[in-house]
Amino acid sequence: MRKTLLASTILLSSLYTFSQEKVEYIDAEEIITEGFVLAEEGNVDEALELFNKVNKNDSLYHALSVTKSYFLLNNDKNDEAIEVLNKALHSNYYEDRASFYVNKTNALSNKEEYAKAIKTVNNGLKFYPRNASLWHNKGLVLQEQKKISEAIKAYQMAILCDPTYGKPHVSLGYLYYEQEKVGQAMMCFNTYLLLNPDGENSFTMLQAINEIAKTKNENTLDSKIASQLGDEHFDELDLIISNRVALNDNYEVDSKIQAPITKQNHALITYLEEHDAEEGFFNEVYVPIFKWVSATDNFELFTYTVSYSIQNEDYRKYLDRKFDDVVEFVSLFRTKWQDILYEYSGKKLDNNNKFIYSDLVLRAEGQVKDNQPLGDWLFYNEYGQVVSEGTFDKKGNKTGFWKWLYPNGELKETSELVDGEINGENIGYFDNGRKKYISHYKDGQLEGEFLLYNEYGALTQRKYFKKGELDQTFTSYFDVGESIPEFVVPYKNGKVNGEVTEFYATGKPYSVMQFKNGEKEGIRKNYWPKSLISSETNFKNNQPNGAYVAYHPNGKKKQVGNYDDGEYEGNWVDYNSEGIKIYDYNYKK
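Report on the accompanying structure. (Residues numbered from 1 in each chain as written. Predicted model: local features only at pLDDT ≥ 70, side-chain atom pairs only at ≥ 80, totals over all residues. Heavy atoms only, no water.)

**Comments concerning the environment of Arg-462**
- Within the secondary structure layout, Arg-462 lies in strand S11 (residues 459–466).
- The residues contacting Arg-462, other than those within four sequence positions of it, are Glu-449, Phe-450, Leu-451, Thr-473, Phe-474, Thr-475, Tyr-477 and Glu-482.
- Separated by 3.2 Å, the side chains of Arg-462 and Glu-449 make a polar contact. (Helix = DSSP H or I, 4+ residues; strand = E, 2+ residues; numbered from the N terminus. Contact = heavy atoms within 4.5 Å. Polar contact = N/O pair within 3.5 Å; in protein donor to acceptor, adjacent residues only side chain to side chain.)

As C-alpha cells, then:
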C-alpha cells in the first residue's frame, strides 16, 4: 500500500509539473528577421540554430532553406548547405525550387566538384529551362572547367531569358577584359549599369569600369581561352580604349560628368557609329544599344544613367536634379533593349522561334509570322518554367492538343482546340496526378458526359451537357465514389425537370422533390434515416403553397400548418412525440 501511495504521489507531482510548462510559441517571421541580423553580424551558427526552430509544418520552413544555404555558402560550409538543399529538393515545395538548384550548384562548384555541379544545374534546367540564374551559374561552372565557348553561350542564354538580369553581363565583361578585349568588356559593363543605374552593386561596378577606363589592363591574353571567344573582333576599338586616347587633354567631351568613364564611353560610341553590322552576339545585341544612343543624340542622358550611382557630392546634386530625365531615358532604353533581344532570339532559337517579352519579362517562345503566333509555342512563368504549350494555326488561333502544367511539372489541364475554341476532350488534373474532371466540347460548348473527381480519385459527379446546357440525369456522389449517390437530378435543356432525390450515406432517400422547368412543383417528401416520412411540403410556383405536415421518428405528427406563397398562413399546431398538442399559432399575411 505504501509503494502504491508513493507512486501515485510521484505521478501527481509529475503531472502538476508538466501542466505548469508552457508550449513555446514560435513566430517564424520574427525568427527569420532576428536570424538575418545575427548572420549579418557574423554569428552564422547562432542564426542557423535560430532558423532550425521553425517547425517543418510552417509555410516558411522550406522557403527558409534558401536563406540557410546562402549563409552556409558564404561561410564555406558547403557540405552543410548541400544537406539543407537536398532535403528541400526532396520536399513538395516548389516555389523557390530553382533557387535550391542554384545554391546547390554553387556549393558543389565551391568544392570543385564541377561534374556534379553541371549535373545539378542541368537537372534544374529540366524543370526551369528558361531560368536566367541557372543559366548564369552553368556558365560560371563551365568557365571554371575552361569550357569558355560553352560558358559564353550559357551567359548569353541567361541574358535572353531575363533581360533585366545584370550578373551575366558582368561575368561576360570580366571574361573578355581578362583576355584584353576591353572594348567588349566596356559594352558589357555599361549595359549592366543601364539595367541597374541605382542598384545595390551599381556604385561598385561604376568604380570598376571607371578604373578600367583610366588604367592599363594588366591581364595577359591566354591563347587557349582567347580562341574560344568567337569570331567577333573589335581590335581597333580595343586599341583606342587601351591607349586611353580619349583621356588626352585635347579630347573634349561635352558633358557635365567629366570622368574617365565618360570620355572612354564617348570614344566607344563614336567608334561604333561607323562600325559595320556583322553577325554575332556583341554585334547584334550590344552594338545596337550604343548605335541607338548615338542616333538619338542621347549621349548625355546615357552618361547620367550609367553614372547615376556616383557619390561625388557635386555630381550627385546635379544627377538628382536630372532624375526625371534619367527615368525617361531608362524607359526608352528598356523598350529598345526588349526589341533588340526579341530580334536576336530569332537567330538563337530553333525553327525561327523568338522569345516573347512583356515589360522585359520572358512570357513565351514561338514562331511569329505577320504579327501572328504560328506553330508550336511554349509559355513560361516568372521562374522560367513551362506552364503551358500548344500550337497556333495560320490565323493565329489555338489548335490541336494543348496542355497546362503545375509547378511540380504534373499536368494541370489538357484540351483539344479548333479555331481557338475547345473542341473535343478537356481533362483537368490535381497536382498529385489524379484526374480532376473529364469533359467534352463541341463548337466551344460542353457536350456529352462530364465526370468530376476528388483528389483521392473517387467520382463525385456525373452529368451530361447538350450545347453547353445540362441535360439528362445529373448524379453527385459522396466522397467514397459512385457506389453511394448523394443527389440524382433530371435535367432537360438546362433546367431541372422531374423527380429530384437526395440520399443519406446509407443509400436511403433523404428528400424527394418534383420539379417542372427548373421550379419546384408538387409535394416534397423528406425522410428519417429509417425511411419513415419526416415532412411533406406542397410547392407551387417554386414556393411552399398549401398544406405542410411534419412527423416525429415514431410516425406521429410533429407540426401541421399551411403556406401561402412561401409564408405561414392560418392555423399552425405543434405536437409532442406522443401526439399531444403543445403549441397553437395563427398567422395572417
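Further notes follow.
**Describing a positive patch on the surface**
- Together, Lys-442, Lys-466, Lys-467 and Lys-492 line one region of the surface with positive charge.
- Inspection of the secondary structure puts Lys-467 in the loop between S11 and strand S12 (469–477). (Patch = residues over 30% accessible without salt bridge, like charges linked within 9 Å, V, L, I, M, F, W, Y side chains within 5 Å. Areas by Shrake-Rupley, 256 points an atom, 1.4 Å probe, with all protein chains shown as cover. Salt bridge = Lys/Arg side-chain N within 4 Å of Asp/Glu carboxyl O. Lys, Arg positive; Asp, Glu negative; His and termini not counted. Charge placed at Lys NZ, Arg CZ, Asp CG, Glu CD.)

**Quick word on the layout of surface pockets**
- As a volume, the largest pocket reaches approximately 730 Å³.
- In terms of lining, the largest pocket is formed by 28 residues, of which the most central are Val-102, Ser-133, Asn-137, Tyr-165 and Lys-167.
- Among the elements of the structure, helix H4 (63–74), helix H6 (97–110), helix H8 (132–144) and strand S2 (361–369) are those that each provide at least two residues to the lining of the largest pocket.
- Counting residues per element, the lining of the largest pocket draws most heavily on H8, which supplies five residues.
- Taken together, the residues that form the lining of the largest pocket break down as 13 nonpolar, 11 polar and four charged. (1 Å grid on protein atoms, 1.4 Å probe; cavity = no way out; pocket = protein on both sides within 12 Å on 5 of 7 lines; lining within 4 Å. Points joined across faces, edges and corners; volume = space filled by probe spheres on them. Nonpolar A, V, L, I, M, F, W, Y, C, P; charged D, E, K, R; others polar.)

**Regarding the nonpolar core**
- Counting 117 residues, the largest nonpolar core has Leu-172, Met-187, Leu-268, Leu-272, Tyr-286, Phe-302 and Trp-337 as its most contacted members.
- Leave out the neighbours within four places in its chain, and Leu-172 touches Ile-152, Tyr-155, Ile-159, Cys-188, Phe-281 and Tyr-286. (Core = buried A, V, L, I, M, F, W, Y, C linked by side-chain atoms within 4.5 Å. Buried < 20%, exposed > 50% of the residue type's maximum accessible area, 1.4 Å probe, protein only.)

**Considering the packing of H6 against H8**
- One can describe the packing of H6 onto H8 by two numbers: an axis separation of 10 Å at closest approach and a directional angle of 10°. Between H6 and H8, the angle is such that the two are roughly parallel. Where H6 abuts H8, its residues Ala-98, Tyr-101, Val-102, Thr-105, Asn-106 and Ser-109 lie against Ser-133, Leu-134, Asn-137, Val-141 and Glu-144.
- Taken together, the residues of the contact of H6 with H8 sort by class into five nonpolar, five polar and one charged. (Axes fitted to C-alpha atoms, helices over the stretch in contact; angles between N-to-C directions. Parallel < 35°, antiparallel > 145°, perpendicular 65-115°, else oblique.)

**As for a nonpolar patch on the surface**
- On the surface, Ile-582, Tyr-583 and Tyr-585 cluster together to form a nonpolar patch covering roughly 290 Å² of accessible area.
- Mapped onto the elements of the fold, Ile-582 is located in strand S23 (residues 581–587).
- What makes Ile-582 partly exposed here is its relative accessible area of 44%.

**Considerations on unusual backbone geometry**
- One non-glycine residue with positive phi stands out, namely Asp-419, at about 55°.
- By secondary structure assignment, the location of Asp-419 is in the loop between strand S6 (411–418) and strand S7 (421–429).

**Details of the pairing of strand S4 (residues 386–392)**
- In this sheet, S4 lies alongside strand S3 (residues 372–380) in antiparallel orientation, the contact comprising six bridges. Bridged to Asp-376 within S4 is Thr-391.
- Counting the residues that bridge the hairpin from S3 to S4 gives five residues, and of these Gly-384 lies at a positive phi of roughly 80°.
- Here S4 folds back onto strand S5 (residues 398–405) in antiparallel fashion, the turn holding five residues, of which Gly-396 has a positive phi close to 85°. (Pairing = 2+ DSSP bridges.)

**Quick word on the packing of helix H11 (residues 182–195) against helix H19 (residues 323–348)**
- Direction vectors running N to C along H11 and H19 enclose 120°, while the axes themselves pass 10 Å from each other. Considered as vectors, H11 and H19 are oriented oblique to each other. Listed contacts from H19 to Thr-191, Leu-194 and Leu-195 of H11 are Phe-329, Phe-333 and Trp-337.
- Along the lines of polarity and charge, the residues of the contact of H11 with H19 split into five nonpolar, one polar and no charged.

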